[in-house]
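Close look at the chain arrangement
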Amino acid sequence: GDAKSLAVAGFPDKDSNFRPNAINLPWSRESNSMEVPEVDKDTPIITHCGGGGRGQKAKDYLESVGFTKVLNGGGPKETECWAEYGDK
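In this text the structure is predicted, and so the values were computed from the model without any measurement.

**Structural notes on the overall build of the chain**
Regarding its fold elements, the chain presents two helices and four strands. Element order for the chain, N to C, with α for helix and β for strand: β-β-β-α-β-α. Here the chain, with 88 residues, has 40% of them falling under the buried criterion. Of all intrachain contacts in the chain linking residues separated by at least 6 positions in sequence, the fraction that spans at least 24 positions is 59%. Working note: accessible area of the chain is about 5,500 Å², and carbon and sulfur atoms make up 47% of it.

**With respect to the confidence of the model for the chain**
Predicted coordinates in regions of low pLDDT should not be interpreted in detail. Here the chain averages 75 in pLDDT, and 60% of its residues register 70 or above. The least confident element of the chain is strand β1 (residues 6–9), whose mean pLDDT is 60; the most confident is helix α1 (residues 53–64), at 90.

**A short note on the environment of Q56**
The residue Q56 is located in helix α1 in this model. Spatially, the C-alpha atoms of Q56 and V70 are 9.8 Å apart, while their sequence positions differ by 14 residues. Among the polar contacts made by the side chain of Q56, one reaches the side chain of D60 at a distance of 2.9 Å.

**Side note on the packing of aromatic side chains**
Think of a pair of aromatic rings as described by two things: how far the centres are apart, and how the planes are tilted against each other in angle. By the definition in use, this model includes one aromatic pair. Ring centres 5.9 Å apart and planes at 70 degrees place the aromatic pair W27 and Y61 in the edge-to-face group. In this pair, W27 sits in the loop between β2 (23–24) and β3 (45–48) while Y61 sits in helix α1, placing the two residues 34 residues apart along the sequence.

Rules and cut-offs
- Residues numbered from 1 in each chain as written.
- Predicted model: local features only at pLDDT ≥ 70, side-chain atom pairs only at ≥ 80, totals over all residues.
- Heavy atoms only, no water.
- Helix = DSSP H or I, 4+ residues; strand = E, 2+ residues; numbered from the N terminus.
- Buried < 20%, exposed > 50% of the residue type's maximum accessible area, 1.4 Å probe, protein only.
- Contact = heavy atoms within 4.5 Å.
- Areas by Shrake-Rupley, 256 points an atom, 1.4 Å probe, with all protein chains shown as cover.
- pLDDT = per-residue confidence, 0-100.
- Polar contact = N/O pair within 3.5 Å; in protein donor to acceptor, adjacent residues only side chain to side chain.
- Phe/Tyr/Trp six-rings, centres within 6.5 Å; stacked < 30°, edge-to-face > 60°.

Dropping the structure here:
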């Protein structure tokens, strides 16, 4: 079947729509955690943020709580991933 993809944005303002098909779950520097997406643990997830640092922290955190298919899509400088998924 088709893989379900979920992008988890690391932008600080949860109500801003930075990516039209992304769920914005900001990384909290205060708690070193984030809200966990309500999807199966084997759902493919692409984390992203402005430069890639918070996206990596989100990736590591999601894996630590049991998610198995997480990719850090980085920020806009990660041209291959953003060329493929940048408008999604």
